[in-house]
Amino acid sequence: MIKRPITYTDYDGNKVTEVFYFNLNRFEWLELETYTRGGLIKNLQDSIDTNNLKKTIDLLKKIILRAYGERDSETGKFRKTEDLAVEFSKTEAFSELFYDLAYNEDKSKEFFMGLIPQEMREDVAAQVGKVLPPPTSLT
């Protein structure tokens, strides 16, 4: 799970910092990888290598919104729904995160790799042909 503070300017011009949570479980990861024609990893790398901004934007948005959820501080449960993702996509926090990831390849890779479930990291490493760094909380 990625726990990420995001600082953004609210609609009243105030700087606000909130903590947001992102996580993909094994099923969600497999679903993203399988349902993305040619594979998610390969597509993301190809879009970056070929500087295909539209494809990169589409993939980043898809990944961020699939991973976004809200964590209940009392129970520790992580709740994700399509409605929560759509609501988040319309916030300044989403815009700030997206801009940060879209224009910083290192941060984007770190975020993306941090979403890979621990149990699947070896398989993904074999696909990309390198050892993946351990996941971080990106705080």
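How each quantity is defined
Think of each chain on its own: its residues are numbered from 1, step by step along the sequence as written. Per-residue local features of the predicted model are confined to residues with pLDDT of at least 70, and side-chain atom pairs are confined, for both listing and counting, to 80 or more; whole-chain, interface and lining totals are unaffected and use all residues. The side-chain quantities take in all heavy atoms of the structure and omit both hydrogens and water. Whenever a carboxyl oxygen of Asp or Glu lies within 4 Å of a side-chain nitrogen of Lys or Arg, that contact is scored as a salt bridge. Under the DSSP-based scheme used, a helix requires at least four consecutive residues in state H or I and a strand at least two consecutive residues in state E, with every element numbered from the N terminus. Accessibility here uses a 1.4 Å probe with only protein chains present; expressed as a share of the type maximum, an area under 20% marks a residue as buried, one over 50% as exposed, and anything in between as partly exposed. Pairing between strands is defined by DSSP: at least two bridges between the two strands are required.

1. Some thoughts on the pattern of salt bridges
Point 1. Counted by the stated rule, this structure contains seven salt bridges.
Point 2. For the salt bridge of D58 with K54, the shortest nitrogen-to-oxygen distance reads 2.8 Å. Of the two residues, D58 and K54 both sit in helix 3 (residues 53–67), four residues apart, roughly one turn of that helix.
Point 3. You can call K54 exposed: its relative accessible area is 58%.
Point 4. Put simply, E28, E31, R66 and K80 are held in one network by salt bridges that share partners.

2. Structural notes on the pairing of strand 3 (residues 68–71)
Point 1. Two elements, strand 2 (residues 15–22) and strand 3, share two bridges in a ladder whose sense is antiparallel. For F22, the partnering residue across the bridge sits in strand 3 and is Y68.
Point 2. With two bridges connecting them, strand 3 and strand 4 (residues 78–79) associate as antiparallel partners. Looking across to strand 4, one finds that R71 is bridged to F78.
Point 3. Hairpin connection between strand 3 and strand 4: a loop of six residues separates the two successive antiparallel strands, and G76 in this loop has a positive phi of roughly 80°.

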